[in-house]
Each structure stands twice: as C-alpha cells, then as structure tokens.
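The primary structure of each chain is shown beneath.
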Amino acid sequence: SQQGEEDPQALSIQEGENATMNCSYKTSINNLQWYRQNSGRGLVHLILIRSNEREKHSGRLRVTLDTSKKSSSLLITASRAADTASYFCAPGYSSASKIIFGSGTRLSIRP
Amino acid sequence: SAVISQKPSRDICQRGTSLTIQCQVDSQVTMMFWYRQQPGQSLTLIATANQGSEATYESGFVIDKFPISRPNLTFSTLTVSNMSPEDSSIYLCSVVGGDLGYTFGSGTRLTVV
C-alpha cells in the first residue's frame, strides 16, 4: 500500500498544549509530507522531510522521520484554536509521484 | 509554489446531468491529479492527468464516469457524468510543487439532488 496511516484518528487537547500525531508507511520512501485541511477546504502543505533527514522544523511544527521504523511524527507546539483541522501524512516515492491519503488525524483544540 | 484556480467552487446539480470542473495553474506542470472527498472521508485519488496522453485512472474509477481533459500544461478539466446523489462530494485538483510539496485547488463542493 502506498498510503500513510495516521494515528490517532482523533485528538482533542487544550489550547496551549502540544499535539503529536504519528504516521506509519509500508515501503521505502523518497520523502514524506504533512498536510492540513481545515473543515471542507483545500489542503495546505505544511512540511516536507526527505528520506535522508531525521528532523525538520517550521515555526511551531516539528517533524521527525525514522526510516528504520517507517514512521514519522508531527508535533505542533503551543496549540491554537486555528490548528483545529484534519492532518494527513503523505509518503512520497519519488519527487513527483501520486499521493495516496490515509484517513488522517482530526485535531480539535479546546479553548 | 504554483497557484491553482479551481471552478466552480460549489454547485447543486440534478441527478442524471453532468458537471465539468476546471483547474487553471499559473505555471506549466507535467502532472495534475484529481481527488474526490466524500462527506466525512479522506481524499481518494481519481486519476492522474498528463498532457498529451490519456489520464490514468485508479481502481474503482472509469473514464466514462469521470472523463478528464488535459489540453495543455496549465489546464485540466474533470467531468462528473450522469450524476447521482452518491457523487455528492468535494472534488479537488492538485499539482506537484517540488520541495514545497503538492499544491491543491480550493475544491468544488458538489451536491446532487
């Protein structure tokens, strides 16, 4: 299967707390991407990490990649109400391969 | 990264009719992808559209139901044919953005009545 599998399926945290989502995949990758989708809208690319990278940061986002375990995690620090969305990981098998999406993690931030 | 203009943003259609969705990209791209997102579900890839060749459809999707055109490197259309209420979904197009990941259109919310 080419898709990533996100875990947990749903996550509810208090505003200001950190949120961690995990992604597992089956076969060797070229890169792994994370996307966010706010309710009923288009997807927004958050971050891309290459197979030879172990960690990457972008603002409040921190992504790790463990190719030996075929897994990745997305950490959102100091969560805000605007972070409420569905988050998807997307394993990339080349620089321009199709993306097959998993079910995603639905993140809810409580005020 | 590329910017995609997707039209229409939403439509309500009668069953048995067809709707054509357009995606215009502000730069030339080799591949475009079309997705469907049914209510409460994740995105499902319908097909990959390359300029100058027939689209490649994923399992469960057929050209007669979802014909795709790709007349040049900046434009593509997806038609949802002979619609039924089960086709009510959000349809999105996407292009490769290199190191910046993939860019998605804002989506077309289709309701079939």
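These figures come from a predicted structure and were not determined experimentally. (Residues numbered from 1 in each chain as written. Chains lettered and ligands numbered in written order. Predicted model: local features only at pLDDT ≥ 70, side-chain atom pairs only at ≥ 80, totals over all residues. Heavy atoms only, no water.)

Draft legend 1. Focus on the pattern of salt bridges. Residue and element names in this part refer to chain A. Scanning the entire structure with this criterion turns up four salt bridges over all chains. The residue Arg60 makes a salt bridge to Asp83 at a minimum N-O spacing of 2.9 Å. Placement of Arg60 in the loop between strand 6 (55-58) and strand 7 (61-66) and of Asp83 in the loop between strand 8 (71-76) and strand 9 (85-92) is noted, with a sequence separation of 23 residues between them. (Salt bridge = Lys/Arg side-chain N within 4 Å of Asp/Glu carboxyl O. Helix = DSSP H or I, 4+ residues; strand = E, 2+ residues; numbered from the N terminus.)

Draft legend 2. Representation of the side chain of Ser86 of chain A. Residue and element names in this part refer to chain A. Topologically, Ser86 is positioned in strand 9. Given a relative accessible area of 16%, Ser86 falls into the buried group. Discounting chain neighbours no more than four positions away, the residues touching Ser86 are Tyr35, Arg36, Gln37, Thr105 and Arg106. (Buried < 20%, exposed > 50% of the residue type's maximum accessible area, 1.4 Å probe, protein only. Contact = heavy atoms within 4.5 Å.)

Draft legend 3. Seen up close, the interface of chain B and chain A. Counting residues at the interface gives 23 residues for chain B, matched by 21 residues for chain A. Between chain B and chain A, the buried area comes to about 1600 Å², and carbon and sulfur atoms account for 51% of it. On inspection of chain B and its partner chain A, the count reaches one salt bridge. Of the charged contacts, one joins Glu58 of chain B and Lys98 of chain A as a salt bridge, the two residues approaching to 2.8 Å between their closest N and O atoms. When contributions to the side of chain B that touches chain A are tallied by element, the ones reaching two or more residues are strand 4 (31-37), strand 5 (43-50), strand 9 (89-96) and strand 10 (102-104) of chain B. (Buried area = accessible area lost by both parts, 1.4 Å probe.)

Draft legend 4. Here's a closer look at the sheet that holds strand 1 (residues 4-7) of chain B. All names here are of chain B. Taken in spatial order, the four strands make up an open sheet running 1-3-8-7, and their pairing is antiparallel. Both edges of this open sheet fall to strand 1 and strand 7 (68-72), since each of them pairs with a single strand only. On average, each strand axis in the sheet is tilted by 15 degrees relative to the strand beside it, whichever way the strands run. Bridging between strand 7 and strand 8 (residues 75-80) involves three bridges; their strand directions are antiparallel. Directly across from Ser69, in strand 8, lies its bridge partner Thr77. (Pairing = 2+ DSSP bridges. Axes fitted to C-alpha atoms, helices over the stretch in contact; angles between N-to-C directions.)

Draft legend 5. Focus on the pairing of strand 5 (residues 43-50) of chain A. Residue and element names in this part refer to chain A. Within strand 5, six of the eight residues are buried, leaving the element largely enclosed by the surrounding structure. Across seven bridges, strand 4 (residues 31-37) lies against strand 5 in antiparallel orientation. Note on strand 5: the bridge partner recorded for Asn31 is Arg50.

Draft legend 6. A look at the packing of aromatic side chains. Enumeration over the complete set of coordinates arrives at nine aromatic pairs over all chains. Ring plane angle 80 degrees and centroid distance 5.6 Å describe the contact between Tyr35 of chain A and Phe104 of chain B, whose orientation is recorded as edge-to-face. Residue Tyr35 of chain A is located in strand 4, and its partner Phe104 of chain B is located in strand 10; the two belong to separate chains. Neither Tyr35 of chain A nor Phe104 of chain B differs from the other in exposure class; each is buried. (Phe/Tyr/Trp six-rings, centres within 6.5 Å; stacked < 30°, edge-to-face > 60°.)

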